[in-house]
Amino acid sequence: MTWTSDYLGRAVAALRAEGRYVNDEASAHISPARSETVDFFGTISLEIDTELAELDATGYRPLRSFEPVTTPVL
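Residues numbered from 1 in each chain as written. Predicted model: local features only at pLDDT ≥ 70, side-chain atom pairs only at ≥ 80, totals over all residues. Heavy atoms only, no water.

Visitor: Tell me what's going on with the overall build of the protein, and back it up with residues and numbers.
Guide: The helix and strand tally for the protein stands at three helices and zero strands. Helices and strands in the protein line up, N terminus first, as α-α-α. Within the protein, contacts between residues separated by at least 24 positions form 60% of all contacts whose residues are at least 6 apart in sequence. Accessible surface for the protein amounts to roughly 6500 Å². Of this, 57% is attributable to carbon and sulfur atoms. (Helix = DSSP H or I, 4+ residues; strand = E, 2+ residues; numbered from the N terminus. Contact = heavy atoms within 4.5 Å. Areas by Shrake-Rupley, 256 points an atom, 1.4 Å probe, with all protein chains shown as cover.)

Visitor: I'd like a rundown of the pattern of salt bridges, residues and numbers included.
Guide: All told, the structure shown has four salt bridges when counted by the stated rule. Among the salt bridges present, the one from Arg61 reaches Glu51, with a minimum N-O distance of 3.4 Å. Of this pair, Arg61 sits in the segment after helix H3 (48–53) while Glu51 sits in helix H3, and the two are ten residues apart along the sequence. Given a relative accessible area of 17%, Glu51 falls into the buried group. Within the structure, one salt-bridge network assembled from shared partners comprises Glu51, Glu54 and Arg61. (Salt bridge = Lys/Arg side-chain N within 4 Å of Asp/Glu carboxyl O. Buried < 20%, exposed > 50% of the residue type's maximum accessible area, 1.4 Å probe, protein only.)

Visitor: Describe in detail a nonpolar patch on the surface, supporting the description with residues and values.
Guide: On the surface, a cluster of nonpolar side chains totalling about 350 Å² of accessible area is made up of Leu46, Ile48, Leu52 and Leu55. Its location among the elements puts Leu46 in the loop between helix H2 (24–27) and H3. Of the residues examined, Leu46 reaches a relative accessible area of 36% and is grouped as partly exposed. (Patch = residues over 30% accessible without salt bridge, like charges linked within 9 Å, V, L, I, M, F, W, Y side chains within 5 Å.)

Visitor: Outline the packing of aromatic side chains, listing residues and values.
Guide: All told, the structure shown has one aromatic pair when counted by the stated rule. Taken together, a centroid distance of 5.6 Å and an interplanar angle of 75° make the contact between Tyr7 and Tyr60 edge-to-face. Highlighted residues: Tyr7 in helix H1 (residues 2–17) and Tyr60 in the segment after H3, separated in sequence by 53 residues. You can call Tyr7 buried: its relative accessible area is 10%. (Phe/Tyr/Trp six-rings, centres within 6.5 Å; stacked < 30°, edge-to-face > 60°.)

Visitor: Explain the environment of Ala11 residue by residue, including any values.
Guide: Looking at where Ala11 falls in the secondary structure, it is placed in helix H1. What makes Ala11 partly exposed here is its relative accessible area of 29%. A C-alpha to C-alpha distance of 6.9 Å links Ala11 and Leu63, two positions 52 residues apart in sequence.

Visitor: Describe in detail H1, supporting the description with residues and values.
Guide: For H1, spanning 16 residues, the distance from its first C-alpha to its last is 23 Å, which sits close to the expected 22 Å at 1.5 Å a residue. Three or more residues of H1 are buried, namely Thr4, Tyr7 and Val12. Within H1, the buried residues cover an arc of 140° as seen down the axis, which keeps them to one side. Away from the buried face of H1 by more than 90 degrees, exposed residues Thr2 and Ala17 are located. One or two residues past the end of H1 sits Gly19, with phi positive at roughly 90°. (Expected span 1.5 Å × (residues − 1). Arc of directions from axis to C-beta.)

Laid out in structure tokens, this is it:
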């Protein structure tokens, strides 16, 4: 869960660096335990060799790019 927490913080920082508004009160309620990769006991299931191969020079995987979702106006 520490790993997921670190990436949540990096994602928020990246959004803010792009000038996007991130509500501090709402982000205080984001939990790394509510992730599809974290099981009931807080264990992350992953392929370690695959994950290590994706790390950059700083030891992190690159963040996914954000694709805005456009909803049709009814």
